[in-house]
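As a plain string of letters, each chain reads:
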2 protein chains.
Amino acid sequence: MPQFPATDLNRVRRLPDRAHYDTETIYPILDEGLICHVAFLEDNQPFVIPSLYARLDDTILLHGAKASRMLKYIQNGGSVSIAVSMIDGLVIARSAFHHSVNFRSVVLFGKGRLIDDYDEKMHAMEVITNHILHGRWDDARKPNRKEMNATSVVSIPIDSATAKIRNAPPGDDEADYQLPVWAGVLPLRQQAFAPINDPLLTVDVPIPGYVADYKR
Amino acid sequence: MPQFPATDLNRVRRLPDRAHYDTETIYPILDEGLICHVAFLEDNQPFVIPSLYARLDDTILLHGAKASRMLKYIQNGGSVSIAVSMIDGLVIARSAFHHSVNFRSVVLFGKGRLIDDYDEKMHAMEVITNHILHGRWDDARKPNRKEMNATSVVSIPIDSATAKIRNAPPGDDEADYQLPVWAGVLPLRQQAFAPINDPLLTVDVPIPGYVADYKR
């Protein structure tokens, strides 16, 4: 399976057994996540902001308003770091020190470019829309020229990436297993609840299956 | 109520009506979030990594292994940006362009310091442990000298911060409200499921109330 080489950029130095460099581990995490966090620079000051995104082949797509300083930084050739993180549970150990979380996360690096071509940009909008809600693009009113002009979309080839995964019971010190303290995992998951109709719905349309049966 | 001044660092330029600069809005988001994403620099390359954290008064506490490059950057005086983001729902509009998410997020900025004092560091460990799971500190075996020595804890005064909140139905273009397309919000929430006993539990201890009734 394809691997990202472990370099100074992406090598996990702490608890390296939790690290994965193969696309078969990394891409499903990128596809399941809903938002990412993007780190970029302005005047040598790091910024991190949450953003919707999508993976398209070996690239990450980000979109936003033309004026966005993050998108300007990227289209000017700046290198970004992007994290996608999902929490799967609290790891409740006997010792305070060994408390942790079960999680799946990816941290990746790359330099992007503005998507100028209209058709490529329209396709990127489709991929981003379907990343939010799989199947939505076919039903939604497509972007018009004005909306396309107001939006910047960047494509960032994934130059380097690592996944980190913890999925295990607590790991306590040997002596602590005798303590009269409960230990275990509290599973956490992002759950969908009953869809809420837009109060301005003027037509009688059933809730689409991809909303009613939403799962990531 | 105390406010962070809107400066070039934290002013929200896009959709400024979603921005909040007061601690009464910002601190509850920091207290409800479980993990944060920290942006820092190494050789002028931005990095973002997920981390556990806690708020203590007007500061953010981060901890980790002594060798962590993020913690070293912070203790060397580097300025970080930290984001805490919670997704509350998918905003499903009639137009692809107006798809969004309902969310609450905080982005903050500050420069930290290593906590050297043993008692202050122990208190920070308590605050971080209880941030993961409120009430856990009293039951857990406290960190010993070896664990304390292996751990770095930094305190980052919040110099600047902004909250962004979206909590509303879709906002479509006037003409689109007549389209035969379902629109609304799909609520999302991080839910806890039944606790899983550590398979190595050797004592018969009931599941603590703060685990069984966990809520953030």
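Structure shown above.
The rules behind each value
- Residues numbered from 1 in each chain as written.
- Chains lettered and ligands numbered in written order.
- Predicted model: local features only at pLDDT ≥ 70, side-chain atom pairs only at ≥ 80, totals over all residues.
- Heavy atoms only, no water.
- Helix = DSSP H or I, 4+ residues; strand = E, 2+ residues; numbered from the N terminus.
- Buried < 20%, exposed > 50% of the residue type's maximum accessible area, 1.4 Å probe, protein only.
- Contact = heavy atoms within 4.5 Å.
- Areas by Shrake-Rupley, 256 points an atom, 1.4 Å probe, with all protein chains shown as cover.
- Lys, Arg positive; Asp, Glu negative; His and termini not counted.
- Charge placed at Lys NZ, Arg CZ, Asp CG, Glu CD.
- Phe/Tyr/Trp six-rings, centres within 6.5 Å; stacked < 30°, edge-to-face > 60°.
- Lys NZ or Arg CZ within 6 Å of the ring centre and 35° of its normal.
- Expected span 1.5 Å × (residues − 1).
- Polar contact = N/O pair within 3.5 Å; in protein donor to acceptor, adjacent residues only side chain to side chain.
- Pairing = 2+ DSSP bridges.
- Buried area = accessible area lost by both parts, 1.4 Å probe.
- Nonpolar A, V, L, I, M, F, W, Y, C, P; charged D, E, K, R; others polar.
- Salt bridge = Lys/Arg side-chain N within 4 Å of Asp/Glu carboxyl O.
- Least-squares fit on C-alpha atoms with pLDDT ≥ 70 in both.

1. What about the overall build of chain A?
From N to C terminus, chain A includes six helices and twelve strands. If you line up chain A on its principal axes, its C-alpha atoms span 65 × 50 × 35 Å. Expressed as a percentage of its 216 residues, the buried residues of chain A come to 55%. Restricting the contact set of chain A to residue pairs at least 6 apart, pairs at least 24 apart contribute 69%. For chain A, the computed accessible surface area is about 9600 Å², with 51% contributed by carbon and sulfur atoms. Seen as two clouds, the 23 positive and the 27 negative side-chain charges of chain A have centres 4 Å apart.

2. Observations concerning the packing of aromatic side chains
Centre-to-centre distance and the angle between the planes together describe a pair of aromatic rings. In the structure shown here, the tally under the stated rule is six aromatic pairs over all chains. Considering the side-chain rings of Phe47(A) and Phe109(B), the 5.2 Å spacing of their centres and the 75° angle between planes classify their relative orientation as edge-to-face. Here the residue Phe47(A) occupies a position in strand β3 (residues 45–52), and Phe109(B) occupies one in strand β7 (residues 100–111), the pair thus bridging two chains. Per residue, the accessibility class of Phe47(A) equals that of Phe109(B), and both read buried. Put simply, the rings of Phe40(A), Phe47(A), Tyr73(A) and Phe109(B) touch in pairs and so form one group of aromatic residues. Seen from the ring of Tyr118(A), Arg145(A) lies directly overhead, with NZ or CZ sitting 4.0 Å from the centre. Above the ring of Phe193(A), the side-chain terminus of Arg189(B) is found at 4.3 Å from the ring centroid.

3. Topic: unusual backbone geometry
All names here are of chain B. Backbone geometry at Asp 43 places phi at a positive 50°, although glycine is not the residue there. Residue position: Asp 43 is located in the loop between β2 (35–42) and β3 (45–52). Backbone geometry at Asn 44 places phi at a positive 70°, although glycine is not the residue there. Structurally, the position occupied by Asn 44 is in the loop between β2 and β3.

4. A short note on the environment of Phe109(A)
For Phe109(A), a relative accessible area of 3% gives the class buried. Note: C-alpha distance between Phe109(A) and Asp159(A) (50 residues apart in sequence) is 5.8 Å. Not counting the four nearest positions on each side in its chain, Phe109(A) is found in contact with Leu9(A), Asn10(A), Val80(A), Ser81(A), Pro157(A), Ile158(A), Asp159(A), Ser160(A), Gln45(B), Pro46(B) and Phe47(B).

5. Quick word on helix α3 (residues 118–132) of chain A
All names here are of chain A. Under the 1.5 Å per step criterion, the end-to-end length of α3 is 21 Å for 15 residues, consistent within 8% with the ideal 21 Å. Turning to α3, its buried residues number three or more, namely Lys 121, Met 122, Ala 124, Met 125, Val 127, Ile 128, Thr 129, Asn 130, His 131 and Ile 132. One side-chain oxygen of the residue at the start of α3 lies 3.2 Å from the amide nitrogen of Asp 119, identifying that residue as Asp 117.

6. Description of the sheet that holds strand β5 (residues 59–65) of chain A
All names here are of chain A. Read from one edge of the open sheet, four strands run β4-β5-β9-β8, paired in antiparallel fashion. Edge strands, defined here as strands with exactly one partner in the open sheet, are β4 (54–56) and β8 (113–114). Pairing of β8 with strand β9 (residues 151–157), which is carried by two bridges, proceeds in the antiparallel orientation. Bridged to Arg 113 within β9 is Ser 155.

7. Considering the interface of chain B and chain A
With 90 residues of chain B at the interface, the matching set in chain A holds 90 residues. Here chain B meets chain A over a buried area of about 7700 Å², counting both sides, of which 66% is carbon and sulfur. In terms of surface lost to chain A, no three residues of chain B exceed Arg141(B), Trp182(B) and Phe193(B), which account for 10% of the buried area on that side. In the side of chain B that touches chain A, the residues fall into 57 nonpolar, 18 polar and 15 charged.

8. Observations concerning the pattern of salt bridges
This structure, assessed with the given rule, holds 22 salt bridges over all chains. Between Arg141(A) and Glu147(A) there is a salt bridge, and its shortest N-O distance comes to 2.8 Å. Between Asp173(A) and Arg141(B) there is a salt bridge, with the nearest N and O atoms lying 3.5 Å from each other. A residue pair is termed interchain when its members come from two chains, as with Asp173(A) in the loop between β10 (160–166) and β11 (184–192) and Arg141(B) in the loop between α4 (136–139) and α5 (145–150). Among the charged side chains, a salt-bridge network with shared partners connects Arg141(A), Glu147(A), Asp173(B) and Asp176(B).

9. Describing the relation of the copies chain B and chain A
Mapping chain B onto chain A leaves a residual RMSD of 0.0 Å; the transformation is a rotation of 180° accompanied by 0.0 Å of translation along its axis. The superposition of one copy onto the other is thereby described by a two-fold rotation axis. Residues of chain B ranked by C-alpha distance from the rotation axis are headed by Gln190(B), positioned 2.1 Å from it. Comparing contact sets, 100% of the residues at the interface of chain B also lie at the interface in chain A, consistent with an isologous, same-surface contact.

10. A few points about the sheet that holds strand β5 (residues 59–65) of chain B
Pairing in this open sheet of four strands is antiparallel, and the strands run β4-β5-β9-β8 (chain B) from one edge to the other. This sheet does not close on itself; its edge strands, each paired only once, are β4 (54–56) and β8 (113–114) of chain B.

11. Structural notes on the side chain of Arg69(B)
Secondary-structure assignment places Arg69(B) in helix α2 (residues 69–75). A distance of 3.0 Å separates a polar atom in the side chain of Arg69(B) from the backbone oxygen of Asp8(A). Here Leu9(A) takes part through its backbone oxygen, which lies 3.2 Å from a polar atom of the side chain of Arg69(B). Apart from the residues lying within four places of it in its own chain, the contact partners of Arg69(B) are Asp8(A), Leu9(A), Arg11(A), Arg13(A), Phe40(B), Glu42(B) and Phe47(B).

12. Re the pairing of strand β2 (residues 35–42) of chain A
Residue and element names in this part refer to chain A. Counting buried positions along β2 yields seven of eight residues, so the element is predominantly enclosed. Pairing analysis gives eight bridges linking β2 to β3, with the strands arranged antiparallel. In the sheet register, His 37 faces β3, and the bridge partner there is Pro 50. The turn linking β2 back onto β3 is made up of two residues, and Asp 43 within it adopts a positive phi angle of 50°. Two strands pair when backbone bridges link them, and β2 and strand β6 (residues 79–92) are joined in this way by three bridges, in the antiparallel orientation. Bridged to His 37 within β6 is Ala 83.

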